[in-house]
Amino acid sequence: MELETRRIRGLEMKKTVVDQFYIDEEFNVPDSKEDVRRILLGKGEVRIEDTSRAEAYVKVSGKIFYRIVYLPDHAEPLPAFLEGSLPFEEMIYLEEEGEEGQELQQIRVSRLEFTPGLIHSRKLSLRVMVELQVFRDLMKEEELTVGVPEDQNLCCKKKAGSVLELKVSQKDRYRIKEEMKLPKTKENIGQILYGDVDCRSLSIRILEEELQLKGELSVFCLYLSEDGKTDWSEQRVPYEGKVEVSGAKEGMIDQISSELRDVSLEVRMDEDGEMRVVGVEGTLFLQICLYEETKMELVEDVYAPGMHCETKTTDGIYEQLLIRNQLQYKLEEQLLLPELGEGTLQICHGDGSIQMEQTKVMEEGIYIEGILYLNFLYLKAEDEMPFASWSGMVPFSYLLECPKQEEELCYHISPGVEQISFGLLGGQNVEVKAVLSFDALIRTRTQQKVLREVDLTPFTREEMERRPGIVGYIVKEGDTLWDLAKRYQTTEEKIKAVNGMEREELEKGEKLILY
């Protein structure tokens, strides 16, 4: 017997793998650069160039680009910089070989520590720690039975509900090209010493066949003016654009993760020919999954009055949407930092990044523990070494509330930093204020028996003769119309008609006539 079925695509989340590796190298100062007296700042950026799967491993290769701001060794030093790159190749063990089905893999840099040190005036040490996270989802198809042939005189019990169906899954990228103009109070740019760009407040709207992106870049630029003075500017630079996505429709449910990479800052002339514009470029890497809620009725059970009905079932799993929301958590912390010393004048720039250490499903919701990594650049009352940087961390915990469920929860949570600020309170105290965001898609996974085969054979004449014509029945606790109709080879409609019933529910002790 041919059953009516429907194929549903979905994603099965696999275990996230965390990998750390270290690089320890020495760097010789080029002949074209002056001797190094002191290192002021160091910044690194990981650029992944290639990934490939090899059985239970994934090979990741790329470069770590770095820039070091330092004071040269002469009487009236002006800050200068050194830059370069370190190649890397890392084999990450995934703990299990690839399963059957298409695997969606995303590798993200969750943490980078770049520490330059001074060996002597012509040689530096470069110490790097990189932490990579490998996110894996396995695309699977589930075949669900939604109907039976109408010409087989089958009674069919169905369960109505909404099934979450994966419609679009792809990787894409959006190239950002914007400009930051200096305020009138700032001097012209002679040379950029140090820059930092973070993606903030990204909102994504799903349209027909495309995604509309709208967000802001937090851009910080430390530079030497044309007169050799050190200055800086920090602004929010808005951007917007579109990414073509085949199959996208308004009203779909999105699970989209983004990562800003390959950032560069370039000095440009304004309309008056003065160097007062900073060109900002970067690439937004997107992992796009779009879902649709499909209403359907799933066949739970069948029988045929007057016939033997043999069925075969298998275990099936489908998902339903529980929560799709963007949540925010305000964090305020006061830090005592004696290492700053005396004479700290101003915090010029600060940023932060989140690492989720643990998530746990509890009765009230999903409990999140993590770390907010902090870094800020500050100005000191020292002519010889006016700038310095501080790095540290603040632990946090947050309860993402969701209704209690009997079914297994499957969730995807993307953390981010929407806003962050640092303020000097005096006495070596620094106040940190941050708004953390959690982009959450929470689903329930329901397992049920899926009807695969139905085999009908008529009752024999002897079986028909042994069947009682009319049965008197007293309802027991837990009885349903469906169970009684199936047991006594009749239909729910007949039971209701004979007993003058309009309701579906049965009451314990109720007397019924069945035939």
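This write-up is about the structure you can find in this document. Note that the coordinates shown come from a computational prediction; the quantities given were computed from them, not determined experimentally. (Residues numbered from 1 in each chain as written. Predicted model: local features only at pLDDT ≥ 70, side-chain atom pairs only at ≥ 80, totals over all residues. Heavy atoms only, no water.)

1. Regarding the sheet that holds strand 14 (residues 307-336)
Neighbouring strands of a sheet are bound in pairs by backbone hydrogen bonds; such pairs are parallel or else antiparallel.
Next up, step 1: Across the sheet, three strands lie side by side as 14-19-18; this open sheet has antiparallel pairing. Taken across any chain shown, the strands that pair with only one partner, and hence form the sheet edges, are strand 14 and strand 18 (408-426). The sheet shows a mean angle of 5° between the axes of neighbouring strands, taken without regard to direction.
Next up, step 2: Bridge count between strand 14 and strand 19 (residues 429-458): 29 bridges; the pairing is antiparallel. Paired with L321 across the bridge in strand 19 is R443. (Pairing = 2+ DSSP bridges. Helix = DSSP H or I, 4+ residues; strand = E, 2+ residues; numbered from the N terminus. Axes fitted to C-alpha atoms, helices over the stretch in contact; angles between N-to-C directions.)

2. Remarks on the packing of aromatic side chains
Next up, step 1: Tallied over the entire structure, the rule returns 15 aromatic pairs.
Next up, step 2: Note on W232 and F387: the rings are 6.0 Å apart at their centroids and 85° apart in plane angle, and the pair reads as edge-to-face. One end of the pair, W232, is in strand 11 (residues 230-244); the other, F387, is in strand 17 (residues 387-401), and 155 residues separate them in sequence.
Next up, step 3: Aromatic side chains Y473 and Y488 sit 6.0 Å apart centroid to centroid with 65° between the ring planes, which places their arrangement in the edge-to-face category. Separated by 15 residues along the polypeptide, Y473 in strand 20 (residues 471-474) and Y488 in the loop between helix 2 (481-487) and helix 3 (492-498) bring together distant segments of the chain. (Phe/Tyr/Trp six-rings, centres within 6.5 Å; stacked < 30°, edge-to-face > 60°.)

3. Things to note about the environment of I347
Next up, step 1: Within the secondary structure layout, I347 lies in strand 15 (residues 344-361).
Next up, step 2: Overall, I347 belongs to the buried group, its relative accessible area being 15%.
Next up, step 3: Separated by 330 residues in the primary sequence, I347 and V17 place their C-alpha atoms 36 Å from one another.
Next up, step 4: In this structure, I347 is in contact with F376, L377, Y378, F422, G423, L424 and V430, ignoring residues within four places of it in sequence. (Buried < 20%, exposed > 50% of the residue type's maximum accessible area, 1.4 Å probe, protein only. Contact = heavy atoms within 4.5 Å.)

4. Quick look at the pattern of salt bridges
Next up, step 1: Under the defined criterion, the tally for this structure stands at 39 salt bridges.
Next up, step 2: Here D196 and K43 are joined by a salt bridge, their closest N and O atoms 3.0 Å apart. On the criterion of sequence distance, the pair formed by D196 in strand 9 (residues 189-207) and K43 in strand 3 (residues 36-54) is long-range, its members being 153 residues apart.
Next up, step 3: Its relative accessible area of 2% is what places D196 among the buried residues.
Next up, step 4: The salt bridge involving E453 is made with K312; its shortest N-O contact spans 3.9 Å. Of this pair, E453 sits in strand 19 while K312 sits in strand 14, and the two are 141 residues apart along the sequence.
Next up, step 5: By sharing partners, the salt bridges in this structure join R175, E179, E266, R268 and E281 into a single network. (Salt bridge = Lys/Arg side-chain N within 4 Å of Asp/Glu carboxyl O.)

5. Comments concerning the environment of E431
Next up, step 1: Here E431 is to be found in strand 19.
Next up, step 2: Residue classification places E431 among the partly exposed positions, given a relative accessible area of 22%.
Next up, step 3: Separated by 97 residues in sequence, E431 and Q334 place their C-alpha atoms 4.5 Å apart.
Next up, step 4: In contact with E431, not counting residues within four places along its chain, are E333, Q334, S421, F422, G423 and L425.

6. Thoughts on the layout of surface pockets
Next up, step 1: Put simply, the second largest pocket is a space of about 440 Å³.
Next up, step 2: Contributing to the lining of the second largest pocket are 17 residues, with I107, K171, R173, R261 and F285 lying nearest its centre.
Next up, step 3: Elements supplying a minimum of two residues to the lining of the second largest pocket: strand 3, strand 6 (102-120), strand 8 (155-181), strand 12 (253-269) and strand 13 (275-303).
Next up, step 4: In terms of residue count, strand 3 provides more of the lining of the second largest pocket than any other element does, five residues in total.
Next up, step 5: Residues of the lining of the second largest pocket, tallied by class, amount to four nonpolar, four polar and nine charged. (1 Å grid on protein atoms, 1.4 Å probe; cavity = no way out; pocket = protein on both sides within 12 Å on 5 of 7 lines; lining within 4 Å. Points joined across faces, edges and corners; volume = space filled by probe spheres on them. Nonpolar A, V, L, I, M, F, W, Y, C, P; charged D, E, K, R; others polar.)

7. Observations concerning the nonpolar core
Next up, step 1: One finds L372, L374, F376, L400, L436 and I442 to be the most contacted residues of the largest nonpolar core, which totals 34 residues.
Next up, step 2: Those elements giving two or more residues to this core turn out to be strand 14, strand 15, strand 16 (365-380), strand 17, strand 18 and strand 19.
Next up, step 3: With seven residues, the single largest contributor to this core is strand 19.
Next up, step 4: Among residues more than four places away in sequence, those in contact with L400 are L327, E364, G365, I366, I368, I413, A440 and I442.
Next up, step 5: In terms of nonpolar packing, the next biggest core, distinct from the first, is built from 30 residues, L182, V245, A248 and V263 among them. (Core = buried A, V, L, I, M, F, W, Y, C linked by side-chain atoms within 4.5 Å.)

8. Side note on a nonpolar patch on the surface
Next up, step 1: Taken together, I470, V498, I513 and Y515 make up a surface patch of nonpolar side chains, about 410 Å² in accessible area.
Next up, step 2: Inspection of the secondary structure puts Y515 in the segment after strand 21 (511-514). (Patch = residues over 30% accessible without salt bridge, like charges linked within 9 Å, V, L, I, M, F, W, Y side chains within 5 Å. Areas by Shrake-Rupley, 256 points an atom, 1.4 Å probe, with all protein chains shown as cover.)

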